[in-house]
Amino acid sequence: MSTPARYDFDTVIDRRGTWCVQWDGVADRFGVDGLLPFTISDMDFETAPEVLAALRSRLDHGVLGYTTWQQDDFLSAVAHWYETRYATRIDTGRLVYGPSVLSQFSQLLQMWTAEGEGVVVHTPTYDGFRKAVLGLGRELRGVPVGDTAALEEALARPDAKVLVLCSPHNPTGRVWTEAELRGAAELARRHGVAVISDEIHADLVHDGHPHVPYTRVAGDERWAVITSASKSFNFPALTGSYGLIGNPEDRAEYLRRMETAEGLASPAVLSLTAHIAAYREGGAWLDELRAYTAGNLALVGERLDTAFPELAWEPPQAGYLAWIDLRPLGVDDEALQRVLIEREKVAIMPGSVYGAPGFLRLNVGCPRGKAEAGVSALVRALRTLA
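Please read these numbers as outputs of a predicted model, since none were measured by experiment. (Residues numbered from 1 in each chain as written. Predicted model: local features only at pLDDT ≥ 70, side-chain atom pairs only at ≥ 80, totals over all residues. Heavy atoms only, no water.)

## Focus: helix H6 (residues 127–135)
Given 3.6 residues per turn, any residue in an α-helix points the same way as the ones three and four places further on. For the record, the criterion: Partly exposed describes any residue whose relative accessible area lies between the buried limit of under 20% and the exposed limit of over 50%, with all areas from a 1.4 Å probe on protein chains only and scaled to the type maximum. Starting at the N terminus, helices and strands are each numbered in turn, a helix being any DSSP run of H or I of at least four residues and a strand any DSSP run of E of at least two. Residues count as neighbours in contact if any of their non-hydrogen atoms are within 4.5 Å of one another.
Among all positions in H6, only Asp 127, Gly 128, Phe 129, Ala 132 and Val 133 are buried. Summarising the contacts, the buried residues of H6 are in contact with helix H2 (26–30), helix H5 (101–112), strand E3 (118–123), strand E4 (139–144), strand E5 (160–166) and strand E6 (194–198). Immediately beyond the C-terminal end of H6, within one or two residues, lies Gly 137, with a positive phi of roughly 80°.

Printed below as a string of structure tokens:
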């Protein structure tokens, strides 16, 4: 007998007119307003009610002055989450804070690389990494996910300075095994390469694919973990992320840069409040969310398998982003986007954004009715072209 759901993920919440990037900003990327969007990786769900209650309580206090993240309520909540969620004890003396994961990423790149030096990423690649690396004048070097020989060759180049792990991987939803992570850490040590592990999707792993924090495999190489509860609990607009930096001198340098050069000594108090509530009280909500989005992904799989069995599509190991390889159908990417936008009135991210023509990334972090509308539109569009 199944346990009744405590939380509601079916109710549609109108996000239009709320300055929402996914809904109100769709024309910026797709050139047309009013499309049903399955794009940027936030969800159409309210955050956990436990988080909302904590935010309301903090607002009722009425004073929103300068604050600090270096206090036990926050530090112990993060430690509690790692211990209860990942059976991993962390050293809270290694914790740092930042306005976003990408902000932390940029700071670490500036600390550990110089212009023209190599930053190794797995392909396909989250576009935020590409923009940051190229924007800082570093050289982006891609290796295919799972290709260990190509990874070692890239890390062995004398000017390779940083390996970026997206763990779990965006956009494919791949969850790295502990053996794979230990192998990557060993290669990094062997070649003197620092490791930045972006683990913002970690809480969204699906059953049978446990997340292994990089802290469990890290050794003497330079390393950092960067993450946030904002992805899994859907509060990115509050801004706020945190990380762990292995080397004490690197940690001190990171904090110096953030507090002086960036002027970010005081974090967003509502983000701290949300993190603490999520990590102390939000576990049950997150488990139901994961089950619900797994159901959406199963729906995508059923529809694709019925319409196009040659795709042999399988749901990702983590997340709510369906990464779909359409190459077996031989459809033209531009023609497909035209049909999706002009006839089906939906916005779905093309794989070219991540350096992978022939793919699509369909966001189903939404009520089931919307997910059904998105995959139905995709199937119709493909049938006109395949």
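## Some details on the nonpolar core
How we decide: Buried Ala, Val, Leu, Ile, Met, Phe, Trp, Tyr and Cys residues that are joined via side-chain atoms within 4.5 Å together make up what is termed a nonpolar core.
Residues Phe 105, Leu 108, Leu 163 and Phe 233 are the most contacted members of the largest nonpolar core, which totals 84 residues. The greatest single-element share of this core, amounting to eight residues, is contributed by helix H4 (residues 72–86). Setting aside residues up to four positions removed in sequence, Phe 105 forms contacts with Phe 129, Ala 132, Val 133, Val 164, Ile 196 and Ile 226. Counting residues in hydrophobic clusters, the runner-up holds 30 residues, among them Leu 297, Trp 313, Ala 322 and Val 375.

## Some thoughts on the packing of helix H3 (residues 49–61) against helix H10 (residues 269–281)
Note the cut-off: Helix axes are fitted only over the stretch in contact, all axes being lines through C-alpha atoms; the angle between N-to-C directions runs from 0 to 180 degrees. Our angle categories are set so that under 35 degrees counts as roughly parallel, over 145 as roughly antiparallel, 65 to 115 as roughly perpendicular, and the remainder as oblique. Should the near helix be turned counterclockwise from the far one by less than a right angle, the crossing is left-handed, whereas a clockwise turn marks it as right-handed.
In contact at an axis separation of 8 Å, H3 and H10 are set at 140° when each is read in the N-to-C sense. Considered as vectors, H3 and H10 are oriented oblique to each other. By crossing handedness, the relation of H3 to H10 is classed as right-handed. Where H3 abuts H10, its residues Glu 50, Val 51, Ala 54, Leu 55, Arg 58 and Leu 59 lie against Val 269, Leu 270, Thr 273, Ala 274, Ala 277, Ala 278 and Glu 281.

## Section: the packing of H5 against H6
Inclusion rule: Gly counts as polar in this scheme, as do all residues outside two lists: the nonpolar Ala, Val, Leu, Ile, Met, Phe, Trp, Tyr, Cys and Pro, and the charged Asp, Glu, Lys and Arg.
Look at H5 against H6: their axes get within 10 Å of each other, and the N-to-C directions meet at 35°. Our pair here, H5 against H6, has a crossing hand that is right-handed. Between H5, through Leu 102, Phe 105 and Leu 109, and H6, the contact on the second element is made entirely by Gly 128, Phe 129, Ala 132 and Val 133. Its residues assigned to classes, the contact of H5 with H6 comprises six nonpolar, one polar and no charged.

## Quick notes on the packing of aromatic side chains
To be explicit about the condition: For this analysis, a ring pair means two rings from Phe, Tyr or Trp (six-membered ring only for Trp) whose centres lie within 6.5 Å, classed as stacked if their planes differ by under 30 degrees, edge-to-face if by over 60, and tilted for the remaining angles.
Per the counting criterion, the structure on display carries 17 aromatic pairs. Geometrically, the ring pair formed by Trp 81 and Phe 233 is edge-to-face, given 6.0 Å between the ring centres and 65° between the ring planes. Residue Trp 81 is located in helix H4, and its partner Phe 233 is located in the loop between strand E7 (223–227) and strand E8 (241–245); the two are separated by 152 residues in the primary sequence. The exposure classification of Trp 81 matches that of Phe 233, with both residues buried. Clustering of aromatic rings is evident, with ring pairs tying together Phe 9, Phe 45, Trp 69, Phe 74, Trp 81, Tyr 97, Phe 233, Tyr 242, Tyr 279, Trp 285 and Tyr 292.

## Quick notes on unusual backbone geometry
Of note, the bond from Thr 123 into Pro 124 is cis; its omega dihedral lies within 30 degrees of zero at 0°. Topologically, Pro 124 is positioned in the loop between E3 and H6. Between Asn 170 and Pro 171 the backbone carries a cis peptide bond, its omega angle lying at 20°. Positive phi is not limited to glycine here, since Trp 19 has a value of about 65°. Tracing the backbone through its elements, the reader meets Trp 19 in the segment before helix H1 (21–24).

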